[in-house]
Amino acid sequence: SDLDGFIAGLPKAELHLHIEGSLQPEMMFALARRNRIAIPFDSVEQLRAAYTFSRLQDFLDIYYQGADVLRTEEDFHDLALAYFDRAAADTVVHAEIFFDPQTHTARGIPFGVVAEGLLAGMREAEARHGLTSKLILCFLRHLSEDDALATLREAEPWLEQITGVGLDSSELGHPPSKFRRVFTAAGERGLKRVAHAGEEGPPAYVIEALDLLHIDRLDHGNRSLEDEALTRRLAETGMTLTVCPLSNLKLCVVRDLGTHPIARMLQLGLRATVNSDDPAYFGGYINDNYRAVAPLLTRADLAALARNSFEGSFLDQNQIALRV
Ligand code: ADE
Ligand code: ZN
C-alpha cells in the first residue's frame, strides 16, 4: 500500500539488533550441515513452530540453543552479511549491531573468530550496499560480573573496532548494579555504554542503568512509563530508547499491538526509535516493525522515529548529515 511505500522509503538506522537473533531457521539447518552438528529439530517448519514464547526466558533458552551452530569465522561472516542484505532491502543505511561473545567463548569458540567474522561481514556490507555499521559487545547479565570483566579483557585487541558495550539476557534478578565495575572499565576505555532495562524489569532498573552504568542509550525502556519523574528525566536529557514492537508482542511485554506505548512515548517527548531486536525469532525485520505500529501513528510520527534513529546513533553529526 501507499503507507508501506512511505515506510519503505524512509532511510533509517537500526540500533537494537542482536546478530545471533537474525539467524534464520534455513541458515541454522545449513550451518548444522556444514559443521556436521545435529540439531534437535526435523525441519525448518518444526523449528519455527517452537517459536512461541510467554516471557523473555522462553525465548532466550531457544536463542542460545540456536547459536550452537555458529562455529567458524565464515559462519559469523555469513550471518552478518545475510542480516545486512535484508536490512539494506528495508532502506537501513546504518546499523549498530549487538553480539554476545560469552555465548560463543563458553563453547570454546575464540573471541577473535566471532569478532573477525562479524567485522568482515560489516566491511562487505559497506562495499556492497553502502550500509555502514558499528559493533556493540553485550555482556550476558545472567553470568557474573567477573565473567564480564574477563570478556572485556579478551576483547582488548579488538576494542578499536568495537563502539560500545551493552547488557542483555535475563533481566529479572540481574539488575544493572551487578555490572557497575565492568561498565566503569568500559567507559575508561572510551567505549559507549547501553543497556537493556525496563523490558521485563521495573523502572528502578532503568534508574540504576542511568546512575550506575552511565548509559548513552536505553534498550527497550518500556516500563519507564510507570514512573512519571523517570519519564520526565528521559525526555529532558534526550535519552534515546530503542523500542522493539514485534519483540514486545512475542515476549508478552505488551498484550497486543493496539496497546503498544510507542505513540505515548512520542507524545511524552521521548526520543523513541523502532527496531527489530531478534528478527528471525519475532517474525519481522525493521519495516515490519514500523508497519506493526503505523496504525497508532501519523506519517510525521513515522518520519520522527526514523530521524530519531540517526540522532540516537553513535554516528557523529556530519556523518549523520551524509547518511540521511
Ligand atoms: N537477547 C537477545 N534479545 C534480547 C532481549 N530482547 N532482551 C534481553 N536479552 C536479549
Ligand atoms: Zn534486545
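Up top is the structure.
Parameters and conventions
- Residues numbered from 1 in each chain as written.
- Chains lettered and ligands numbered in written order.
- Predicted model: local features only at pLDDT ≥ 70, side-chain atom pairs only at ≥ 80, totals over all residues.
- Heavy atoms only, no water.
- Salt bridge = Lys/Arg side-chain N within 4 Å of Asp/Glu carboxyl O.
- Helix = DSSP H or I, 4+ residues; strand = E, 2+ residues; numbered from the N terminus.
- Buried < 20%, exposed > 50% of the residue type's maximum accessible area, 1.4 Å probe, protein only.
- Donors = N, O, S within 2.8 Å, 3.2 Å for Na, K, Ca; no water.
- Tetrahedral: all angles 85-135°; square planar, octahedral: opposite > 155°, others 65-115°.
- Phe/Tyr/Trp six-rings, centres within 6.5 Å; stacked < 30°, edge-to-face > 60°.
- Contact = heavy atoms within 4.5 Å.

(A) Broad picture of the pattern of salt bridges. Scanning the model with the defined rule gives 20 salt bridges in all. Arg 34 is the partner of Asp 75 in a salt bridge, and the nearest nitrogen-oxygen pair spans 2.7 Å. Taken together, the positions of Asp 75 in helix 5 (residues 73–89) and Arg 34 in helix 2 (residues 25–34) put the pair 41 residues apart, joining distant regions of the chain. A salt bridge links Glu 96 to Arg 217, with the shortest nitrogen-to-oxygen separation between them at 2.7 Å. Taken together, the residues Glu 96 in strand 2 (residues 92–99) and Arg 217 in strand 6 (residues 217–220) connect sequence positions 121 residues apart. The same class applies to Glu 96 and to Arg 217, which are both buried. What emerges from the salt-bridge pattern is a single network uniting Arg 34, Glu 74, Asp 75 and Asp 78.

(B) How the structure looks around the coordination of the zinc ion (ligand 2). For the zinc ion (ligand 2), the full set of protein donor atoms is His 16 (NE2), His 18 (NE2), His 196 (NE2) and Asp 277 (OD), and the range of their distances to it is 2.0 to 2.2 Å. One can describe the donor arrangement at the zinc ion (ligand 2) as irregular, given that its four donor atoms subtend angles of 83 to 175 degrees at the metal. Every donor residue of the zinc ion (ligand 2) comes from the same chain, spaced as H-x1-H-x177-H-x80-D. Classification of His 18 as buried rests on a relative accessible area of 4%.

(C) Looking closely at the packing of aromatic side chains. All told, the structure shown has 13 aromatic pairs when counted by the stated rule. Ring geometry for Phe 53 versus Phe 282: centroids 6.3 Å apart, planes at 90 degrees, classification edge-to-face. Taken as a pair, Phe 53 in the loop between helix 3 (44–49) and helix 4 (56–66) and Phe 282 in helix 14 (residues 279–282) lie far apart in primary sequence, 229 residues in all. Since its relative accessible area comes to 1%, Phe 282 is described here as buried. Centre to centre, the rings of Phe 99 and Phe 111 are 5.8 Å apart; their planes meet at 65 degrees, and the pair counts as edge-to-face. Here Phe 99 is found in strand 2, whereas its partner Phe 111 is found in helix 7 (residues 111–129), with 12 residues between them in sequence. The exposure class of Phe 99 is buried, given its relative accessible area of 0%.

(D) Spotlight on the environment of Leu 210. Here Leu 210 lies in helix 10 (residues 203–211). Expressed as a C-alpha distance, the spacing of Leu 210 and Ile 109, which sit 101 residues apart in the sequence, is 33 Å. Apart from residues no more than four positions distant in its own chain, Leu 210 is found in contact with Ile 215, Leu 230, Arg 233, Leu 234 and Met 239.

Any link to function would need more than the numbers given here.
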